[in-house]
Amino acid sequence: MSRVRAVLPPALLGLVVVALVVSGIRPYDRLTWLLETVWVIVGIPVLLLTWRRFPLSTLLCCLLAVHALILIVGGHHSYARTPVGDWARDVFDLSRNPYDRLGHFAQGFVPAVLVREILVRRSPLRGSRWLAPLVVCACLAFSAFFEMIEWWAAVAGGSAADDFLATQGDVWDTQWDMFLALVGAVTSLALLSRLHDRELPPPAPADPAAGRGARVAWSAGPSVRQPGPPA
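Residues numbered from 1 in each chain as written. Predicted model: local features only at pLDDT ≥ 70, side-chain atom pairs only at ≥ 80, totals over all residues. Heavy atoms only, no water.

Caption draft 1: Here's a closer look at the overall build of the chain. Regarding its fold elements, the chain presents nine helices and zero strands. Overall, the chain shows an N-to-C arrangement of helices and strands of α-α-α-α-α-α-α-α-α. Within the chain, the proportion of its 231 residues that are buried is 37%. Taking the intrachain contacts of the chain between residues at least 6 apart in sequence as the baseline, contacts between residues at least 24 apart amount to 75%. Just so you have it, the chain exposes about 14,300 Å², and 70% of that area is on carbon and sulfur atoms. (Helix = DSSP H or I, 4+ residues; strand = E, 2+ residues; numbered from the N terminus. Buried < 20%, exposed > 50% of the residue type's maximum accessible area, 1.4 Å probe, protein only. Contact = heavy atoms within 4.5 Å. Areas by Shrake-Rupley, 256 points an atom, 1.4 Å probe, with all protein chains shown as cover.)

Following this line, the structure appears as structure tokens:
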């Protein structure tokens, strides 16, 4: 194991945990902070519990850390009030704070690599032409599920959920969110697939004995009971 591989994941985990704790100190709205960062709060224990059986690639660790920081910053300030989003709005003369657009682009960009890694390592789809379309479909499904969560939050919380929704008066906000997740997933696959493949372990070699046995069974065909001698 290389030194970078040994040191980087724990360092990224420490950075995310520190950022999460700091973000929980006097956030703009406590409920919004919880709703935005719950993925990080749940994801860290899941990652630790599954690491021995399914250690993630270095590329995926870096992407998950960046995504977690995006969620943490959005949770602390609320997406419509992040300072970096206000800066981008003023510099580019935009009509709204665009930080939530970045968040939904990342919602497709990062999970695309996560889903791809799971499918490559735990399914027969490695090298298949169906791998990329199924990854994109999975990312779109998650984006649609997140939009339903926002809908349920709006029904349950009313105006109290406005900061979590971060629509900023845009009637097409839901469609924009899912479209940006789609763009993020496609962009991620186009830019990172080759790099990702180089980081993934090679496929396990097939068992020659098992293969010969399967070929013999296939060539033999179904067994047919021969009639016995007449009584």
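Caption draft 2: Spatial organisation of the packing of aromatic side chains. Tallied over the entire structure, the rule returns six aromatic pairs. Each ring, one from W39 and one from F142, has its centre 5.5 Å from the other, and the planes form 75°; the classification is edge-to-face. In this pair, W39 sits in helix 2 (residues 30-50) while F142 sits in helix 6 (residues 131-157), placing the two residues 103 residues apart along the sequence. Under the relative-accessibility criterion, W39 is labelled partly exposed at 34%. With relative accessibility at 29%, the residue F142 sits in the partly exposed group. The interplanar angle of 85° and the centroid separation of 6.5 Å between the aromatic rings of W87 and F92 together place this pair among those described as edge-to-face. As far as the burial class goes, W87 and F92 line up, both exposed. Site record: aromatic cluster; members linked through ring pairs are W39, F142 and F146. Taking NZ or CZ as reference, R121 lies 3.9 Å from the ring centre of F54, over its face. (Phe/Tyr/Trp six-rings, centres within 6.5 Å; stacked < 30°, edge-to-face > 60°. Lys NZ or Arg CZ within 6 Å of the ring centre and 35° of its normal.)

Caption draft 3: Highlighting the nonpolar core. Core analysis: the largest hydrophobic core is formed by 25 residues, its most contacted members being V16, V40, L63, I72, V113 and L192. Every element with two or more residues in this core is listed here: helix 1 (3-23), helix 2, helix 3 (58-77) and helix 5 (99-122). At nine residues, the largest contribution of residues to this core is made by helix 3. When sequence neighbours within four positions are dropped, the list of residues in contact with I72 reads V16, A19, L20, S23, T37 and V40. (Core = buried A, V, L, I, M, F, W, Y, C linked by side-chain atoms within 4.5 Å.)

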